[in-house]
Amino acid sequence: MNVLQTRRLTKEHGAGASRVRAVDEVDLDVPEGQTLAVMGPSGCGKSTLLHLLGGLERPTAGEVWIGQRRTDSLSERALARLRRRSIGFVFQAFHLVDELSTAENVELPALLAGRSLREARRRADFLLDQVGLADRARHLPSELSGGQRQRAAIARALANEPQVVLADEPTGNLDTAATTDVLRIFAELRAAGQTLVIVTHDERVAATADRLISMRDGMFVDDTRLLDGTGRLAGLIGLEG
Amino acid sequence: MQDAVLAMLAKEPSHGYELRARLQQSLGPLGESMNPGQIYVTLGRLEKAGLIVCEPSDSPDRKVYALTPSGQQRVAAWLTEVARPKPDLAEFHLKLVVAAAARLADPVELVAAQRRELLRILREAQLAALAEPAGSTAVVLLEGVMLRFQADLRWLDICERTWSTPHNEPEDT
């Protein structure tokens with residue numbers, strides 16, 4: 001079953017002669033449980049594509065489906081509701097609420113979706129433990145490192161058990177060690193069957209996906225499946241007897 | 001590898017199997033292709049060259065090796081030696097040049113195929129790094145390997161930009 005689907009999805013910016021197609025008639029199917037990475041140079045349309053998939057922007061033309069629901073024609077209210085319940089967002093700049101503790105940030109989406117405080121807390125505790133931040137639950141975001149903030153943001157994205165997690169340059173502001181932590185969490189999500197779409201510049205992030213799409217000028221120019229276990233690594237030793 | 005094995009003996013005289021275990025621990029997944037006999041072949045060569053000697057041991061089939069004075073000198077020299085970087089890019093670069101010039105193949109396609117191969121090996125390195133236990137020194141080596149591949153991938157982006165713009169084709173073709 002496809003969790004995400006687009007048909008002839010198009011987004012144009014600007015008007016008249018300066019009109020640009022950021023996303024140009026894109027057909028995409030993302031089956032349940034897939035980790036998809038989208039790469040491409042700045043301005044290729046990959047972030048716009050992610051915003052269209054998540055209902056943060058409206059397409060100029062074409063269709064977006066999340067599960068069985070077509071989202072591009074929903075009312076603002078219905079779309080906001082669907083976003084809260086079915087989609088988890090992870091951004092490069094984390095976008096945590098500075099005045100709330102780590103735990104409160106993670107509880108917030110569940111509360112907004114109408115869950116009880118008790119339920120929201122239980123879920124937040126569980127998620128913070130999963131991302132290795134159980135001992136940071138009462139800290140403010142400003143007291144966390146960049147890597148810890150992004151892990152908190154991932155926990156928040158998972159608060160409502162979304163059908164899909166959409167991540168926009170999730171490691172863009174992180175150092176190597178923090179990137180490794182995020183990749184480890186993504187690997188766990190993947191093992192748990194979470195559908196994940198990641199827009200990234202980071203080749204390490206792209207390489208750990210199941211599938212990699214390359215975008216140029218609003219279109220897909222390559223769509224590759226990355227498979228495990230090829231034994232290439234052992235041949236790299238570079239030491240001679 | 002001879003130099004590395006020799007330098008490992010600078011800490012203390014060791015058995016071949018101890019050296020092998022230390023090498024494998026340091027190399028992690030990258031050391032998996034080393035065959036078990038390789039360390040003994042290396043030790044044999046080092047002994048023949050007079051860089052190590054076999055010390056008397058209680059068990060004759062478990063030889064303990066130690067550095068000779070010339071072995072110590074060689075270790076000191078090796079440690080201060082600076083390795084010259086060797087970027088293996090010229091061949092692929094020439095492949096793109098001739099493919100475009102003689103219209104033998106689409107350079108952009110060659111770049112895409114090379115990119116896929118690099119991503120596969122980068123994936124392997126990244127998954128291996130994630131699987132290593134905390135504090136593993138082999139991870140440091142894997143990080144280095146990944147950074148090299150990332151640099152190669154970025155260079156491929158430049159190649160793609162160059163060869164997908166028609167007016168950038170060499171004018172003498």
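Report follows, based on the coordinates. (Residues numbered from 1 in each chain as written. Chains lettered and ligands numbered in written order. Predicted model: local features only at pLDDT ≥ 70, side-chain atom pairs only at ≥ 80, totals over all residues. Heavy atoms only, no water.)

### A word on the overall build of chain A
Alright, step 1. Each helix and strand counted, chain A has 7 helices and 10 strands in total.
Alright, step 2. Computed over the C-alpha atoms, the radius of gyration of chain A is 19 Å, within 12% of the 18 Å expected from 2.2 N^0.38 for a compact globule of 241 residues.
Alright, step 3. Seen along its three principal axes, the alpha-carbon backbone of chain A occupies a region of about 70 × 50 × 35 Å.
Alright, step 4. Burial analysis of chain A (241 residues in total) assigns 51% to the buried set.
Alright, step 5. Once local pairs closer than 6 in sequence are excluded, the contacts in chain A between residues at least 24 apart make up 70%.
Alright, step 6. As displayed, chain A has an accessible area near 10800 Å², and 48% of this comes from carbon and sulfur atoms.
Alright, step 7. The positive charge centre, built from 31 side chains, and the negative charge centre, built from 33, are 6 Å apart in chain A. (Helix = DSSP H or I, 4+ residues; strand = E, 2+ residues; numbered from the N terminus. Rg over C-alpha atoms; globule rule 2.2 N^0.38 Å. Buried < 20%, exposed > 50% of the residue type's maximum accessible area, 1.4 Å probe, protein only. Contact = heavy atoms within 4.5 Å. Areas by Shrake-Rupley, 256 points an atom, 1.4 Å probe, with all protein chains shown as cover. Lys, Arg positive; Asp, Glu negative; His and termini not counted. Charge placed at Lys NZ, Arg CZ, Asp CG, Glu CD.)

### Side note on unusual backbone geometry
Alright, step 1. One non-glycine residue, E25(A), adopts positive backbone phi at about 50 degrees.
Alright, step 2. Along the polypeptide, E25(A) turns up in strand β2 (residues 20–31).

### Quick look at a nonpolar patch on the surface
Alright, step 1. Taken together, the side chains of V97(A), L108(A) and L112(A) present a nonpolar region at the surface, about 220 Å² in accessible area.
Alright, step 2. Here L112(A) is to be found in helix α3 (residues 102–112). (Patch = residues over 30% accessible without salt bridge, like charges linked within 9 Å, V, L, I, M, F, W, Y side chains within 5 Å. Salt bridge = Lys/Arg side-chain N within 4 Å of Asp/Glu carboxyl O.)

### Some words on the packing of α3(A) against helix α5 (residues 146–157) of chain A
The description of two packed helices rests on the angle between their axes and on the distance between the axes.
All names here are of chain A.
Alright, step 1. Remark: α3 packs on α5, axes separated minimally by 8 Å, with the N-to-C direction vectors making an angle of 25 degrees. Regarding the angle of α3 to α5, the classification is roughly parallel. For the crossing formed where α3 meets α5, the hand is right-handed. Across from T102, N105, V106 and P109 in α3, the residues of α5 making contact are A152, A155 and R156.
Alright, step 2. Taken together, the residues of the contact of α3 with α5 break down into 4 nonpolar, 2 polar and 1 charged. (Axes fitted to C-alpha atoms, helices over the stretch in contact; angles between N-to-C directions. Parallel < 35°, antiparallel > 145°, perpendicular 65-115°, else oblique. Left-handed = near helix turned anticlockwise from the far one by under 90°. Nonpolar A, V, L, I, M, F, W, Y, C, P; charged D, E, K, R; others polar.)

### As for the interface of chain B and chain A
Alright, step 1. In this assembly, 36 residues from chain B lie in contact with 31 residues from chain A.
Alright, step 2. Counting the surface lost from both chain B and chain A, the interface buries some 2900 Å², and carbon and sulfur atoms represent 56% of this.
Alright, step 3. A per-residue breakdown of the area chain B buries against chain A is headed by R123(B), E124(B) and L130(B), which together make up 24% of the total.
Alright, step 4. On the surface where chain B and chain A come into contact, there are 4 salt bridges. (Buried area = accessible area lost by both parts, 1.4 Å probe.)

### Some remarks on empty space enclosed by the protein
Alright, step 1. Applying the stated criterion to the full structure yields 3 cavities of 30 Å³ or more.
Alright, step 2. Estimated volume of the largest cavity: approximately 90 Å³.
Alright, step 3. T35(A), L183(A), F186(A), A187(A), R190(A), L196(A), I198(A), V205(A), T208(A), A209(A), L127(B) and L130(B) are the residues that line the largest cavity.
Alright, step 4. Elements supplying a minimum of two residues to the lining of the largest cavity: α6 (176–191) and β8 (195–199) of chain A together with α6 (107–131) of chain B.
Alright, step 5. Top element by residues in the lining of the largest cavity is α6(A). It accounts for 4 residues.
Alright, step 6. Tallied by class, residues from the lining of the largest cavity come to 9 nonpolar, 2 polar and 1 charged.
Alright, step 7. Taken as a whole, the second largest cavity encloses approximately 60 Å³ of empty space. (1 Å grid on protein atoms, 1.4 Å probe; cavity = no way out; pocket = protein on both sides within 12 Å on 5 of 7 lines; lining within 4 Å. Points joined across faces, edges and corners; volume = space filled by probe spheres on them.)

### What to know about a positive patch on the surface
Residue and element names in this part refer to chain A.
Alright, step 1. Together, R69, R77, R81, R84 and R85 give the surface a local cluster of positive charge.
Alright, step 2. With 4 residues, helix α2 (residues 76–86) is the largest single contributor of residues to the positive patch.
Alright, step 3. Structurally, R81 is set in helix α2.

### A look at the pattern of salt bridges
Alright, step 1. Under the counting rule described, the total for this entry stands at 21 salt bridges over all chains.
Alright, step 2. The closest approach of N and O atoms between R204(A) and E143(B), which form a salt bridge, is 4.0 Å. Of this pair, R204(A) sits in helix α7 (residues 203–207) while E143(B) sits in helix α7 (residues 138–163), on two different chains. We note that R204(A), like E143(B), is buried.
Alright, step 3. In this structure, the salt-bridge partner of R115(B) is D157(B), at a minimum N-O distance of 2.9 Å. One end of the pair, R115(B), is in helix α6; the other, D157(B), is in helix α7, with 42 residues separating them in the sequence.

### Let's talk about α5(A)
Residues and elements named next belong to chain A.
Alright, step 1. Along its 12 residues, α5 runs 16 Å from first to last C-alpha, staying within 8% of the 16 Å computed at 1.5 Å per residue.
Alright, step 2. The buried count for α5 comes to 10 of 12 residues, which makes it a mostly enclosed element.
Alright, step 3. All of the buried residues in α5 are G147, Q148, Q150, R151, A152, A153, I154, A155, R156 and A157.
Alright, step 4. Tucked into the core, α5 has its buried residues touching β6 (87–91), α3, α4 (117–130) and α6. (Expected span 1.5 Å × (residues − 1).)

### Focus: the packing of aromatic side chains
Residue and element names in this part refer to chain B.
Alright, step 1. Summed over all chains, the structure comprises 2 aromatic pairs over all chains.
Alright, step 2. An angle of 70 degrees between the planes, with centres 6.1 Å apart, marks the rings of F92 and W155 as edge-to-face. Of this pair, F92 sits in helix α5 (residues 90–101) while W155 sits in helix α7, placing them 63 residues apart in sequence.
Alright, step 3. Accessibility expressed as a relative area gives 21% for W155, which makes it partly exposed. (Phe/Tyr/Trp six-rings, centres within 6.5 Å; stacked < 30°, edge-to-face > 60°.)

### A closer look at the environment of A207(A)
Alright, step 1. Mapped onto the elements of the fold, A207(A) is located in helix α7.
Alright, step 2. A C-alpha to C-alpha distance of 27 Å links A207(A) and L56(A), two positions 151 residues apart in sequence.
Alright, step 3. Setting aside its immediate chain neighbours within four residues, A207(A) contacts L226(A), L119(B), L122(B) and R123(B).

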